[in-house]
Amino acid sequence: MPNLSKLETQVHKDLKSLNAQELKKRYLSKEGLLTKEFANIKNVPTNQKSKFGKRINKLKSLVDEKLNNSKTETKIKKSSRIDPTAPFDCNTQTDKRPHILDLQGSSHILMQEVNRFNEIFTSMGFDIVECRQVDDDYHMFESLNFPKGHPARDMFDTFWTEDGFVLPAHTSTMQNRILKSKNPPIRTVIPGRVYRNEATDAGHEHTLYQCEGVYVDKNVSVANMIATIKEFLEAYLESKFDIKIQPAYFPFTEPDCEFAISCPFCNKKGCSTCGYTGWIELMGCGMIHPNVLKSANIDPDKYSGFAWGFGVDRLTMIKNNIPEIRHLRAGSIKFLRDY
Ligand SMILES: [Zn+2]
């Protein structure tokens with residue numbers, strides 16, 4: 001019988017010093033030491049075959065065991081990795097999340113306003129779904145009728161991670177998921193944080209909140225869209241105003257509109273809030289483009305719908321008379337106490 005003692009000593013030594021890949025290569029590959037011994041069985045004298053077989057099988061199970069352990073370890077490592085697409089702080093263990101009451105703090109004004117929007121939209125029959133904070137190219141662009149290379153992608157200069165994820169530049173990244181999530185009628189509102197590669201000033205920020213709305217059913221028209229948005233704004237701003245719809249351009253709606261209201265502070269006379277124009281532009285909106293419906297497997301000949309997206313920061317500033325958008329994230333205790 002060929003001498004196996006040398007091989008046995010080497011296997012035990014290598015189990016301690018080599019990693020899974022090296023072990024596999026040295027012992028189980030085509031040219032592997034154990035593979036060769038298995039091939040050698042046929043040359044071993046019949047009366048020694050059984051003993052020889054048992055010894056090399058034992059060596060193989062030792063190597064296999066190490067390889068299996070290594071696979072399990074990799075799986076555990078992978079499953080405990082942080083999910084960068086998860087919303088808000090759900091990666092933090094529950095017992096480590098700060099509790100507002102423990103800190104004797106208060107809800108930030110933007111969250112107070114988002115809660116108010118949610119209340120109004122819920123009373124109008126909408127579901128509320130949270131937006132993702134990291135998304136992919138398909139949901140940010142392709143599913144919204146921005147094919148690769150489309151010039152309108154330049155309208156959304158946002159941030160990309162090194163591994164190809166995008167920080168959403170608008171809450172519309174959720175549209176495809178919402179439209180696929182159930183059959184019409186679909187009525188959903190999606191508040192979320194969005195990011196822009198902006199030079200900041202009193203009216204512009206790189207990080208802000210948006211609130212998206214999606215409505216799809218049979219026979220939905222522009223009139224339904226205007227009435228829905230007006231109803232919400234009247235409930236939120238607690239006043240009556242005139243509205244103005246002007247044309248705009250977004251790849252994911254057709255027709256596309258900009259929704260403006262007469263300034264509720266000066267009654268169209270002109271003031272600092274409306275930039276002395278008497279009107280305040282509040283949001284982009286429009287009828288959902290047939291290609292967007294198709295990408296979510298909804299038949300555009302059967303169903304139609306509208307969508308809108310407005311800046312939560314802007315509405316919050318208008319409602320609370322906050323002159324500068326940067327106050328909202330500056331972390332000034334004085335500002336936070338005032339609101
Ligand atoms: Zn005004």
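Residues numbered from 1 in each chain as written. Predicted model: local features only at pLDDT ≥ 70, side-chain atom pairs only at ≥ 80, totals over all residues.

Draft legend 1. Summary view of the sheet that holds strand β7 (residues 304–311). Within the open sheet, the 7 strands sit side by side as β1-β2-β3-β7-β6-β5-β4. Their pairing is mixed. Looking at the sheet topology across the chains shown, the edges are occupied by β1 (127–128) and β4 (243–247). (Pairing = 2+ DSSP bridges. Helix = DSSP H or I, 4+ residues; strand = E, 2+ residues; numbered from the N terminus.)

Draft legend 2. Focus on the domain arrangement of the protein. Annotation of the protein at the domain level lists domain 1 (5–79) and domain 2 (94–338). For domain 1 and domain 2, the distance between their C-alpha centroids amounts to 60 Å. (Domains from an automatic or database assignment.)

Draft legend 3. Geometry of the pairing of strand β5 (residues 253–262). The pairing of β4 with β5 spans 5 bridges and is classified as antiparallel. Its bridge partner being in β5, P247 is matched across the sheet by C257. Looking at chain direction, β5 and strand β6 (residues 279–288) are connected through 8 bridges and run antiparallel. Across the sheet, A260 pairs through a bridge with E281, a residue of β6.

Draft legend 4. Summary view of helix α8 (residues 222–237). The terminal C-alpha atoms of α8 lie 22 Å apart, and with 16 residues this matches the ideal 22 Å at 1.5 Å per residue to within 8%. Three or more residues of α8 are buried, namely M225, T228, I229, F232 and L233. End-on view of α8: buried residues confined to an arc of 125°, all on one side of the axis. Along α8, exposed side chains directed more than 90 degrees from the buried face belong to A223, A227 and E231. Buried residues along α8 sit against α5 (109–123), β3 (207–217), β5, β6 and β7. (Expected span 1.5 Å × (residues − 1). Buried ≥ 20, exposed ≤ 12 C-beta atoms within 10 Å, placed from the backbone. Arc of directions from axis to C-beta. Contact = placed C-beta atoms within 7 Å.)

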